[in-house]
Structure formats: C-alpha cells, structure tokens
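Residue strings, one per chain:
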Amino acid sequence: MKPVAIMGAMQEELAGLKQALQGLHTVKLGSRQVTTGTWHGHPVVLALSHIGKVAAATTATALIERFDVTEVIFTGVAGGLAPGVNVGDMVVATEFLQHDMDASPLFPPMEVPLYGRAHFPTDVRLTQSLTKAAQDILKNPGQWLDLDVLHELHVQSPKVHAGLVVSGDRFVSTSGESKALQQRLPKALAVEMEGAAVAQVCFDYGVPFAAVRTVSDRADDSATHDFARFIHEVAGRYSLALIGTWLGQR
Ligand code: SAH
C-alpha cells in the first residue's frame, strides 16, 4: 500500500504525530528527516518541511518522488486575516495563492509565470473529509487539550472555516501589513508561509493535496505575543487530533 504524506513546518507541530506512528523508520532526504510508519493501519510518511516556500516545495517534491505518496496533507498554524478568523479556529484551504509572487508587468500580479494561474485548488474530496475531522475536533476541544489553556489564550467557541489561504516568505506581524493584504485579497482567510508552494508541486505531479491550519495569531502587531505558547500547547495537539481522527474515519 502506498503511503499518505503528512507535512508540517515546525517541529512542535509534528512531534505528537511522530509518537502516534507504529513501526517507525527514519529516512534522510537531503537535510530532511522523514519518518515512515503506520497509523490506524494506514501507511504514513511524516516530514518536517521547515519554514518557507522553498523548503516546503523541495520537501513535497522529495516525498512524491521517493515514496510515490497517494496524497499530501499539510498541517500547521497560520495567521488569521479575514474578520472572524480568530485565534484557535481552524482553516481548511480550498485554494492557495502566493501573495508575494509578482512578475508584473510581464504577468498579472500574483500569477505564477507560465502556469496561467494565481490560484491552486486543493483536492475537493480530501478537503471535505478533513473539514469533517476538523469539525468533529472543535465540537469537543477539551477532549484533546486543556480547556484552561484555551481560556488563557482567549479562545472562545472555536470554528472551522474553509476558503482561500495565502502564502508568502514573510511572517506577517504588523496590523498595517495585515490590513493591506486584506484589502488586496478580501477573500483570503489566513496567511502562512508554505501551503501555496506545496499546492503548486502537487498540481505539477497530479497528487491530491489538502491543508488544515490552526489560527495561532491575527497576523497583526500582537502576532508574536502568544505564538510560542500556542505552538507548544495547542497547535501540535490539534494536528495530532486532526490526522488521527481523519485516518480513523477513512
Ligand atoms: N518564530 C518562529 C517562526 C515561525 S514562522 C520560530 O522561531 O520558529 C511562522 C510559521 O507559522 C510558518 O511556518 C508559517 O506558515 C506559520 N504562520 C503562523 N502565523 C503566521 C503569520 N502571521 N504570517 C506568516 N506565517 C505564519
């Protein structure tokens, strides 16, 4: 059976997932450590991409070439952009775009040259099944993590959103930049640094791709305040819950 690839950008986001795998085996691909194993009887390849579009694209390419994966799923954190996309919510991407791609005036701003497109869709069926898993988790977040932590981080009734997620090689951490992005891309729910790159690689190879991000910050002047705590105490648990629930429902 071919494996499903699970990617994440930061160690803290993937640590719990690694512990859940059975029959662990570690493989080195360049400077990436990749872990293979099974979970709920499904073969899985787990890879830490590191941060940014280049790191994510090379990791996705290596996984596809080396393991012939059936699907690629990215899990991690993002900054909320659209109103109502709050810290503690989950965002399931239906499409991605690189907000910092600009080969104008030769090509329209944000269009990836020679692809004739700026938007890269995620796989509809995979995205639907992950949305269901995300909704199931947020119905009862206390099953997965300490509710006191959520209260301390001011998370109230977390929701699942589905829509456009934008990526760029910038950690967006000023209200000015966040507002400018919202004005330029009013449909964008969240911003992060890897998804659009992986979406483009999966588009090139015809491999189904989906991504779910927990909102760690609002991409504004306070974006860094609780970031480290959120990654440690919330994001990793949600990633674990999400992938475990999703594989269990397959
Ligand atoms: N301070 C961190 C760096 C994290 S970079 C460290 O020391 O490791 C931010 C990571 O979280 C990226 O992987 C990105 O995809 C995601 N992310 C979360 N909030 C973001 C935001 N406001 N802007 C861009 N990326 C964000």
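Reference entry: report on the structure contained in this document. These numbers were taken from a predicted model, which means no experiment stands behind them. All residue numbers refer to position in the chain's written sequence, counted from 1. Selection of residues for local features in this predicted model requires a pLDDT of at least 70, selection of side-chain atom pairs for listing and counting requires 80 or more, and totals for whole chains, interfaces and linings are taken over all residues. With hydrogens and water set aside, each side-chain value is computed from the structure's full complement of heavy atoms.

Residues three or four positions apart in an α-helix share a direction because the helix packs 3.6 residues into each turn. With 16 residues, helix α3 (residues 124-139) should reach 22 Å at 1.5 Å per residue; the first-to-last C-alpha distance of 22 Å fits that figure. Each residue gets one of three labels from its accessible area relative to the maximum for its type: buried under 20%, exposed over 50%, partly exposed in between, using a 1.4 Å probe on protein chains only. Under the DSSP-based scheme used, a helix requires at least four consecutive residues in state H or I and a strand at least two consecutive residues in state E, with every element numbered from the N terminus. Every buried residue belonging to α3 is among Leu-126, Thr-127, Leu-130, Thr-131, Ala-133, Ala-134, Ile-137 and Leu-138, and all of these are buried. Projected down its long axis, α3 shows its buried positions confined to an angular sector of 165 degrees, all on one face. When the buried face of α3 is taken as reference, the exposed residues oriented beyond 90 degrees from it are Val-124, Arg-125, Gln-128 and Lys-139. Throughout, a residue-residue contact means that at least one pair of heavy atoms, one from each residue, lies within 4.5 Å. Summarising the contacts, the buried residues of α3 are in contact with β5 (72-80), β6 (90-98), β8 (160-167), β10 (209-217) and α7 (227-249). Two or three places before Arg-125, at the start of α3, stands the capping residue Asp-123, its side-chain oxygen 3.4 Å from that residue's backbone nitrogen. Here the expected span of a helix is defined as 1.5 Å times the quantity of residues minus one. What the arc covers is the set of directions going from the helix axis to the C-beta atoms. For the purposes of these results, a polar contact is taken to be a pair of N or O atoms within 3.5 Å, where, inside protein, one atom must be able to donate a hydrogen and its partner to accept one; residues adjacent in sequence count only when each atom of the pair is a side-chain atom.

Bringing the pattern of salt bridges into the picture now. Each reported salt bridge corresponds to a side-chain nitrogen of Lys or Arg within 4 Å of a carboxyl oxygen of Asp or Glu. A complete count under the given rule lists 11 salt bridges for this structure. Asp-136 is the salt-bridge partner of Lys-132, the closest N and O atoms lying 2.8 Å from each other. Of the two residues, Lys-132 and Asp-136 both sit in helix α3, four residues apart, roughly one turn of that helix. On the basis of relative accessibility, which here comes to 43%, the residue Lys-132 falls in the partly exposed class. Glu-192 is the partner of Arg-213 in a salt bridge, and the nearest nitrogen-oxygen pair spans 2.9 Å. Here Arg-213 is found in strand β10, whereas its partner Glu-192 is found in strand β9 (residues 188-192), with 21 residues between them in sequence. The exposure class assigned to Arg-213 is buried, which follows from its relative accessible area of 3%.

Here the focus is the site of the ligand. A cutoff of 4 Å decides nearness: a residue is near a molecule or strand if any of its heavy atoms lies inside that distance of it. Around the ligand lies a shell of 18 residues, among which Val-172, Met-193, Glu-194, Arg-213 and Asp-217 are the nearest. Gly-79 is positioned such that a nitrogen or oxygen atom in its backbone is 3.3 Å from a nitrogen atom of the ligand. Within the backbone of Met-193, one N or O atom sits 2.9 Å away from an oxygen atom of the ligand. Per-residue and other accessible areas were derived by the Shrake-Rupley procedure at a 1.4 Å probe size, with only the shown protein chains allowed to occlude residues. Considered on its own, the ligand offers 570 Å² of accessible surface; in the complex 77% of this is hidden by protein. Breaking the shell around the ligand down by element, the ones donating at least two residues are β5, β9 and β10. In this count, Pro and Cys sit with the nonpolar residues alongside Ala, Val, Leu, Ile, Met, Phe, Trp and Tyr, while Asp, Glu, Lys and Arg are called charged and the others, Gly among them, polar. Within the shell around the ligand, the residues separate by chemical class into 11 nonpolar, two polar and five charged.

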